[in-house]
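Single-letter residue listing:
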Amino acid sequence: MEDQYGSVIDWNNVSIGGDSAGAQIASEYILSGQNSQIQQAIKVTPVLKNEQITKFVSLSGLLDPASFTQVSDNISSFLYAKCGWAYFGSKKFEQSDEVKQLKIKKNTSDWTQKVFLTVGNTNTFTEQMDQAEEALKEAGVEVTKVSYDEKTAVLNHEYQFDMNIEQSQTTYQQLVAFMKE
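Thresholds applied
Residues numbered from 1 in each chain as written. Predicted model: local features only at pLDDT ≥ 70, side-chain atom pairs only at ≥ 80, totals over all residues. Heavy atoms only, no water. Pairing = 2+ DSSP bridges. Helix = DSSP H or I, 4+ residues; strand = E, 2+ residues; numbered from the N terminus. Axes fitted to C-alpha atoms, helices over the stretch in contact; angles between N-to-C directions. Core = buried A, V, L, I, M, F, W, Y, C linked by side-chain atoms within 4.5 Å. Buried < 20%, exposed > 50% of the residue type's maximum accessible area, 1.4 Å probe, protein only. Contact = heavy atoms within 4.5 Å. Right-handed = clockwise from strand over helix to strand, strands pointing away. Salt bridge = Lys/Arg side-chain N within 4 Å of Asp/Glu carboxyl O. Polar contact = N/O pair within 3.5 Å; in protein donor to acceptor, adjacent residues only side chain to side chain. Phe/Tyr/Trp six-rings, centres within 6.5 Å; stacked < 30°, edge-to-face > 60°. Lys NZ or Arg CZ within 6 Å of the ring centre and 35° of its normal.

(A) Expanded view of the sheet that holds strand β4 (residues 143-146). The strand order β1-β2-β3-β4 describes an open sheet built from four strands, whose pairing is parallel. Either end of the sheet is taken by a strand with one partner, and the two such strands are β1 (14-19) and β4. Neighbour to neighbour, the strand axes of the sheet diverge by 10° on average, direction disregarded. When strand β2 (residues 53-59) meets strand β3 (residues 114-118), the two strands line up parallel, connected through five bridges.

Dropping the structure here:
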């Protein structure tokens, strides 16, 4: 199909992803195409069918919104709590059944997209990434995970955008390779 600019878009090979909360929103969209209860809870009717979305990219993604504040630093936890309250519209969002059902780990049975995951190793969602990777792999999903031990470098939330860091450059190269697959 040609769009208004003469470009050809392959609507059967769409990649969706984001950074931090953007990755969470992208995963919500994918989950809404797989699960009618989630679709109703978040009030989204996907325009793409699940099979049209072939890849999901999570850069420092929030993959378990009910665990938004569970990070290694109290200041980050406090700030994440305020963000979650604003985003989900409830101060007690982590206790909400609707928020709890958005955890990727609980929704892998219909997941068909190849997945790219990366997150820093300090004050961020490292544990969520590891749990999502494990659950997705158990479900037979192809996962590319890029992570670094703290002994190599201390990498905070959204480390991947600081291109002065060697690990960010490596992650970028791996993301490009993933997108070209």
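(B) Spatial organisation of the nonpolar core. Grouped together as the largest cluster of nonpolar side chains are 30 residues, with contacts concentrated most on Phe56, Trp111 and Val115. Mapped onto this core, the elements with two or more residues apiece are β1, α1 (21-34), β2, β3 and α5 (126-138). For Trp111, the residues in contact, after removing those within four places along its chain, are Ile30, Leu31, Gln34, Phe56, Ile104, Leu136 and Val141. Ranked by size, the runner-up nonpolar core spans ten residues in total, among them Val146, Tyr148, Tyr159 and Leu175.

(C) Expanded view of the pairing of β3. Of all five residues in β3, four are buried; the element is thus mostly enclosed. In this region the chain leaves β3, passes through α5 and returns to the parallel neighbour β4; the handedness of that crossover is right-handed.

(D) Structural view of the pattern of salt bridges. Evaluated as defined, the whole model comprises four salt bridges. For the salt bridge of Asp130 with Lys145, the shortest nitrogen-to-oxygen distance reads 2.8 Å. Here Asp130 is found in helix α5, whereas its partner Lys145 is found in strand β4, with 15 residues between them in sequence. The shortest N-O distance in the salt bridge between Glu133 and Lys145 comes to 3.0 Å. Within this pair, whereas Glu133 is found in helix α5, its partner Lys145 is found in strand β4, the two being separated by twelve residues in sequence. What makes Lys145 partly exposed here is its relative accessible area of 28%. Residues participating in the shared-partner salt-bridge network are Asp130, Glu133, Lys137 and Lys145.

(E) Highlighting the environment of Asp64. With respect to the element layout, Asp64 can be found in the loop between β2 and α3 (74-88). Note on Asp64: relative accessible area 5%, which makes it buried. With 23 residues separating them in the primary sequence, Asp64 and Ala41 have C-alpha atoms 16 Å apart. Residue contacts for Asp64: discarding those within four places in its chain leaves Lys103 and Gln128. Within the structure, the side chain of Asp64 is placed 2.7 Å from the side chain of Ser67, a separation counted as a polar contact.

(F) Here's a closer look at the side chain of Gln128. You can see Gln128 is positioned in helix α5. Within polar-contact distance, the side chain of Gln128 engages the backbone oxygen of Ser67 at 3.2 Å. Discounting residues that sit within four places of it in the chain, Gln128 has contacts with Gly61, Leu62, Leu63, Asp64, Ser67 and Phe68.

(G) How the structure looks around the side chain of Asn121. Inspection of the secondary structure puts Asn121 in the loop between β3 and α5. By relative accessible area, Asn121 is classed as buried at 13%. Among the polar contacts made by the side chain of Asn121, one reaches the main-chain carbonyl oxygen of Tyr148 at a distance of 2.8 Å. The residues touching Asn121, leaving out its near neighbours within four places in the chain, are Thr126, Tyr148, Asp149, Glu150, Ala153, Val154 and Leu155.

(H) A look at the packing of aromatic side chains. Enumeration according to the criterion identifies nine aromatic pairs in this entry. Between Phe68 and Tyr80, the ring centres sit 5.4 Å apart and the planes meet at 20°, which makes this aromatic pair stacked. Of this pair, Phe68 sits in the loop between β2 and α3 while Tyr80 is found in helix α3, placing the two residues twelve residues apart along the sequence. Tyr80 shares its class with Phe68; the two are buried. A network of ring pairs unites the aromatic residues Phe68, Tyr80, Tyr87, Phe88, Phe93 and Phe125 as a single cluster. The ring of Phe178 has Lys55 lying over it, and the distance from NZ or CZ to the ring centre is 5.2 Å.

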